[in-house]
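Chain by chain, the residues:
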Amino acid sequence: MSRTTNWTDMLSLFASIAIIGLVAVWTVENGFVTGVLNTGRSMTWQYIRASGITAYILFAVSTLWGVALSSKAVKDWSPGPLSMLLHASTSWLGVGFAALHALLLLFDQYVPYRPVEILIPFTGPYRPIAVGLGTITFWLMVLVAFSFAAKKRIGHRRWKLLHYTSYAGFFTVTVHALLAGTDAGRLGFQILFVLAALSVAALTGYRAGMSKPGKARAHQG
């Protein structure tokens, strides 16, 4: 793979992460957070929303980082163990905030949940299909996060196939956020989630194209 391709990979990754970060800053600067906190609703609900958005951003960053690790762009300047540690750490942080997002539903006064409705998809009282997609994605995130420690036991091929499912999970949780989130009608919210999804789709598509034998031979020549 040529040096030009490596730089293209790196720029694509950092540009995607930068776009997500800028949108998040823009959302805060335009009063999204203060507007939410001044609605008079319980602080539990605010924590539910904040933890959900944080989990989504971490999931997006982890997914983008995972795509970058499939190329030599990151390996040229970051040791393999460190890159995997960052990838695993971001994944576990995403799982942690997603778990907090779900558990806080037990204490919400507006739409109370039971533990079984949090653990089993499509059984909750609020938009069961949209929320159920989030539940499925959470369990998938847990499996992917645990797979980092179990890579040697399950083998590289199974580990890689399991990680491929995280791409589908990312878009599933995007649908969950847009259909179940009470802020789905806000412009800042929509821009953040749509750009994150487009960034993952574009970088994944680019890497898939570069991994084709014809493309690889062309860049090696």
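Below, the structure is looked at part by part. Note that the structure is a prediction, hence the values are computed from the model and not measured.

By the element assignment, Thr-90 lies in helix H4 (residues 80–103). Filtering out sequence-adjacent residues up to four positions away, Thr-90 remains in contact with Leu-58, Val-61 and Ser-62.

Where helix H6 (residues 128–147) meets helix H8 (residues 156–180), the axes come as close as 8 Å, and the angle between the chain directions of the two elements is 150 degrees. With respect to each other, H6 and H8 are oriented roughly antiparallel. Taken as a pair, H6 and H8 cross one another with a handedness that is left-handed. Residue-level inspection shows Ala-130, Val-131, Leu-133, Gly-134, Thr-137, Leu-140, Leu-143, Val-144 and Ser-147 of H6 in contact with H8, the latter providing Trp-159, Leu-162, His-163, Thr-165, Ser-166, Gly-169, Thr-172, Val-173, Val-175, His-176, Leu-179 and Ala-180. Taken together, the residues of the contact of H6 with H8 break down into 12 nonpolar, 9 polar and no charged.

Further remarks concern the pattern of salt bridges. The full count for this structure, using the stated rule, is 1 salt bridge. Between Arg-114 and Glu-117 there is a salt bridge, with its nearest N and O atoms 3.2 Å apart.

Here we come to the side chain of Asp-108. Here Asp-108 is to be found in the loop between H4 and helix H5 (115–119). With relative accessibility at 4%, the residue Asp-108 sits in the buried group. At a separation of 2.9 Å, a polar atom in the side chain of Asp-108 contacts the main-chain amide nitrogen of Val-111. Excluding anything up to four places from it in sequence, Asp-108 contacts Ser-42, Thr-44, Trp-45 and Ile-48.

Rules of the game
Residues numbered from 1 in each chain as written. Predicted model: local features only at pLDDT ≥ 70, side-chain atom pairs only at ≥ 80, totals over all residues. Heavy atoms only, no water. Helix = DSSP H or I, 4+ residues; strand = E, 2+ residues; numbered from the N terminus. Contact = heavy atoms within 4.5 Å. Axes fitted to C-alpha atoms, helices over the stretch in contact; angles between N-to-C directions. Parallel < 35°, antiparallel > 145°, perpendicular 65-115°, else oblique. Left-handed = near helix turned anticlockwise from the far one by under 90°. Nonpolar A, V, L, I, M, F, W, Y, C, P; charged D, E, K, R; others polar. Salt bridge = Lys/Arg side-chain N within 4 Å of Asp/Glu carboxyl O. Buried < 20%, exposed > 50% of the residue type's maximum accessible area, 1.4 Å probe, protein only. Polar contact = N/O pair within 3.5 Å; in protein donor to acceptor, adjacent residues only side chain to side chain.

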